[in-house]
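# Working through the structure, step by step
Each chain, letter by letter, is given below.
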Amino acid sequence: EFRHARFKQWRRSKVGMGTGPTSGDVLLNLPGSGHSSMKSILYEALGKATRVQIISAYFLPTWRIRRDLQRVIRRGGRVQIILAGKSDVALSQSATRSLYRKLLKAGVEIYEYQPQILHAKLYLIDDQVYVGSANLDKRSLSINYELLVRTAEPSAVQGGRDIFADILGRSQGITLAEWKKARSLWTRLAEKLAYLFLVHLDPYIARQQLKMLR
């Protein structure tokens, strides 16, 4: 309860990092608050973006985020997403892969990091970089305690792009034709079931557990 209260107080303070050339914002998500400023700010940024680069260990974004990523492409922009080629949570990876077909069909570029398990979270949206603990999934955006630091400081943004390029160089690109050919009926079914569990059942259970702790 103490940690919850302290976190809530910190969130209300709208923590920032000054107004100088290295200024930025701390974006927080607080379970049970009824509102996620982190999610709202990401929605706003993606809603007008023309260049998006994402590294996410666990990627199960909301319907709105998926829609906005596709709209970036329709605006003539580019979306590149690096996801886990190897994962310590097989169920999450299966659920994520159930989204590949529609995203690839829309023109989103998807890559899977190959050398080892991926745990990085890095988001580059136009001229801003976001880094922190939050994945683009329902738990991070609506349930868990999470933090992202956002800044438009040019050297930080360039540093983020350099990191993205380095990880991209060690990732395997996924093409729509190859992906469709490689998926058996049973594989697709398992992926859909994994998606339904993690997007609907798991958040419901987590919220019920949160209510019991209050």
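As the structure is a computational prediction, the values presented were derived from the model and not from experiment. (Residues numbered from 1 in each chain as written. Predicted model: local features only at pLDDT ≥ 70, side-chain atom pairs only at ≥ 80, totals over all residues. Heavy atoms only, no water.)

### Quick word on the overall build of the protein chain
Stated formally: Only DSSP runs of H or I reaching four residues or more are called helices, and only runs of E reaching two or more are called strands; each is numbered from the N terminus. Buried, partly exposed and exposed residues are distinguished by accessible area as a fraction of the type maximum, computed with a 1.4 Å probe on protein chains only: under 20%, between the cut-offs, and over 50%, respectively. Any two residues whose heavy atoms approach within 4.5 Å at even a single point are treated as in contact. Method for areas: the Shrake-Rupley scheme with a 1.4 Å probe, in which residue coverage is limited to the protein chains shown.
Secondary structure assignment for the protein chain yields nine helices and ten strands. For the protein chain, the residues scored as buried account for 43% of the 214 residues in total. Long-range contacts, defined here as pairs at least 24 residues apart, represent 73% of the contacts in the protein chain between residues at least 6 apart. Accessible surface computed for the protein chain: about 11,700 Å², of which carbon and sulfur atoms make up 56%.

### A look at a nonpolar patch on the surface
Our working rule: Patches were defined on residues exceeding 30% relative accessible area and lacking a salt bridge, with like-charge contacts within 9 Å and nonpolar side-chain contacts (Val, Leu, Ile, Met, Phe, Trp, Tyr) within 5 Å. Every case where a carboxyl oxygen of Asp or Glu lies within 4 Å of a side-chain nitrogen of Lys or Arg is listed as a salt bridge.
A contiguous nonpolar patch, built from Val89, Leu91, Phe197 and Leu201 and spanning about 290 Å² of accessible area, is present on the exposed surface. With respect to the helices, strands and loops of the structure, Leu201 is situated in helix H9 (residues 185-213).

### Topic: the packing of helix H2 (residues 37-47) against helix H3 (residues 63-74)
Filter applied, for reference: With axes taken as lines fitted to C-alpha atoms, and helix axes fitted only over the stretch in contact, angles between N-to-C directions fall between 0 and 180 degrees. Orientation is classified from the angle alone, with under 35 degrees giving roughly parallel, over 145 giving roughly antiparallel, 65 to 115 giving roughly perpendicular, and any other angle giving oblique. The crossing is said to be left-handed when, going from far helix to near helix, the turn is anticlockwise and less than a right angle, and right-handed when the turn is clockwise. Basically, the charged four are Asp, Glu, Lys and Arg, the nonpolar ten are Ala, Val, Leu, Ile, Met, Phe, Trp, Tyr, Cys and Pro, and anything else, Gly included, counts as polar.
Where H2 meets H3, the closest approach of the two axes is 9 Å, and the angle between their N-to-C directions is 20°. In terms of their interaxial angle, H2 and H3 are classed as roughly parallel. In this structure, H2 meets H3 at a crossing whose hand is left-handed. Across the interface between the two elements, Tyr43, Leu46 and Gly47 from H2 touch Arg64, Ile65, Asp68, Leu69 and Val72 from H3. In terms of residue class, the contact of H2 with H3 is made up of five nonpolar, one polar and two charged.

### Things to note about the sheet that holds strand E7 (residues 128-132)
To keep things clear, this is the line we draw: For two strands to be treated as a pair, DSSP must find no fewer than two bridges joining them.
Sheet architecture is open: eight strands sit in the order E1-E9-E7-E6-E2-E4-E5-E10, paired in mixed fashion. Looking at which strands have only one partner, the edges of the open sheet turn out to be strand E1 (24-29) and strand E10 (171-174). The mean inter-strand angle of the sheet, taken between neighbouring strand axes irrespective of direction, is 20°. Where strand E5 (residues 109-113) meets E10, four bridges bridge the pair, whose relative direction is antiparallel. The partner of Tyr111 across the bridge, within E10, is Gly173. Each of strand E2 (51-56), strand E4 (78-84), E5, strand E6 (121-125), E7, strand E9 (146-151) and E10 touches helix H7 (residues 154-168); the most contacted strand, E6, lies at about 120° to it.

### A closer look at H7
The following threshold applies: Helices are assigned an expected span. That span is 1.5 Å times one less than the residue count. Directions from the helix axis toward the C-beta atoms define the arc.
Taking 1.5 Å as the rise per residue, H7 with 15 residues should run 21 Å; its terminal C-alpha atoms sit 21 Å apart, in good agreement. When we look at burial in H7, the residues that qualify are Val157, Gly160, Arg161, Phe164 and Ile167. Each buried residue of H7 lies within a common arc of 130° when the element is viewed along its axis, so the set occupies one face. Across H7 from its buried face, at more than 90 degrees, point the exposed residues Pro154 and Ser155.

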